Amino acid sequence: MTTRKLVGHSRSFSGAVIAGLLLAGVSGCAARQPDVPPPSPPATQRAVPSATAPAIPAPSPLPSAVESQPFHPEVGQCIDVRKDRPGGLESIVPCNEEHDDEAYARFALDGNPDTQYPGSAAIEQLANNGCHQRFTDFIGVRYEDSVFEFLPMYPAEHSWTVFGDRRVTCLVWYPRDSVTTSLRGAGY
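Residues numbered from 1 in each chain as written. Predicted model: local features only at pLDDT ≥ 70, side-chain atom pairs only at ≥ 80, totals over all residues. Heavy atoms only, no water.

(A) Representation of the environment of glutamine 125. For glutamine 125, the position within the fold is in helix α2 (residues 120-139). For the pair glutamine 125 and proline 152, spaced 27 residues apart in sequence, the C-alpha to C-alpha distance is 9.9 Å. (Helix = DSSP H or I, 4+ residues; strand = E, 2+ residues; numbered from the N terminus.)

As structure tokens, then:
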């Protein structure tokens, strides 16, 4: 079984490439500065394959003048967080375009705003259990019989406390490649 988690995305590789190109230019190997755009700010979190932890908290923006809820896609929305796409609304694409995730379920953990954050391990377990239970309804076969994997997005302590976020969004993905269709009712 392949699992995946959302992790911070860095531009250190592209920074190293730019630094190498600039060094080559200084040493006389290039006649002009390379036409390389400056690196973009890193995406908040990115879905990548992993051999460990099957889930990670949903990205939570820092509080700002306009306090908004953290990003959670709607059920049926397809997400492309590969390449240079950030992990928010900009990552939503039509399901007939290349993408790597699709939201297949969303549920709340606890509706009481006074409930203390129970800890990341407890939240992760609840999110995993809830997404596992809802997998068959969307895909059409049990998770254990499917070629697809799931990834829960759930609130981090900051999101739980500051925004009162109790939502879990379940994402389905194909571990071998991106897809260009909805996986609703795929049956395999």
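(B) How the structure looks around the confidence of the model for the protein. In the predicted model, the protein carries a mean pLDDT of 71, and 61% of its residues have values of at least 70. A low-confidence stretch, residues 1-57 (pLDDT under 50), is modelled with 95 contacts involving residues beyond four sequence positions or located in other chains. Confidence drops under a pLDDT of 50 for residues 59-67, and excluding neighbours within four residues, the segment shows 17 contacts in the predicted structure. (pLDDT = per-residue confidence, 0-100. Contact = heavy atoms within 4.5 Å.)

(C) Focus on the pattern of salt bridges. Overall, the coordinates contain 4 salt bridges when judged by the stated rule. Of the charged contacts in the structure, one is a salt bridge between arginine 142 and glutamate 144, with a shortest N-O distance of 3.9 Å. Judged by relative accessible area, which is 45%, glutamate 144 ranks as partly exposed. Residues joined in a network through salt bridges with shared partners are Arg142, Glu144 and Asp145. (Salt bridge = Lys/Arg side-chain N within 4 Å of Asp/Glu carboxyl O. Buried < 20%, exposed > 50% of the residue type's maximum accessible area, 1.4 Å probe, protein only.)

(D) Expanded view of the state of the cysteines. If you walk through the whole model with that rule in mind, you get 2 disulfides. Disulfide pairing is shown between cysteine 78 and cysteine 95; the S-S distance is 1.9 Å. The sign of the S-S torsion, about 95°, decides the handedness of the disulfide formed by cysteine 78 and cysteine 95: right-handed. With cysteine 78 in strand β4 (residues 78-79) and cysteine 95 in the loop between β5 (92-93) and β6 (101-108), this pair connects stretches of sequence that are 17 residues apart. Residue class for cysteine 78 comes out buried when judged on its relative accessible area of 0%. By relative accessible area, cysteine 95 is classed as buried at 17%. Through a disulfide, cysteine 131 is tied to cysteine 170; the S-S separation comes to 2.0 Å. On the sign convention where negative means left-handed, the S-S torsion of about -90° between cysteine 131 and cysteine 170 marks this disulfide as left-handed. Separated by 39 residues along the polypeptide, cysteine 131 in helix α2 and cysteine 170 in strand β8 (residues 167-173) bring together distant segments of the chain. (Disulfide = S-S within 2.5 Å.)

(E) Geometry of the pairing of β8. Most of β8 sits out of view: 6 of its 7 residues are buried. Relative to β8, β6 is paired through 6 bridges, and the arrangement is antiparallel. The residue bridging alanine 108 from the neighbouring strand is arginine 167, located in β8. As defined by bridge partners, strand β7 (residues 149-154) adjoins β8 across 5 bridges and the pair is classed as antiparallel. Within the sheet, the bridge partner assigned to phenylalanine 150 lies in β8 and is valine 172. (Pairing = 2+ DSSP bridges.)

(F) Local environment of the pairing of β6. Within β6, 6 of the 8 residues are buried, which leaves the element mostly enclosed by the surrounding structure. Where β4 meets β6, 2 bridges bridge the pair, whose relative direction is antiparallel. Opposite cysteine 78, over in β6, you have glutamate 102 as the bridge partner.

(G) Structural detail: the nonpolar core. Within the largest apolar cluster, 20 residues are counted, with the highest numbers of intra-cluster contacts made by Tyr104, Cys131, Phe135, Ile139, Val168, Cys170 and Val172. Elements that contribute at least two residues to this core include exactly β6, α2, β7 and β8. At 6 residues, the largest contribution of residues to this core is made by α2. Apart from residues no more than four positions distant in its own chain, phenylalanine 135 is found in contact with Tyr104, Gly140, Val141, Arg142, Tyr143, Ser146, Phe148, Glu149, Phe150 and Val172. (Core = buried A, V, L, I, M, F, W, Y, C linked by side-chain atoms within 4.5 Å.)

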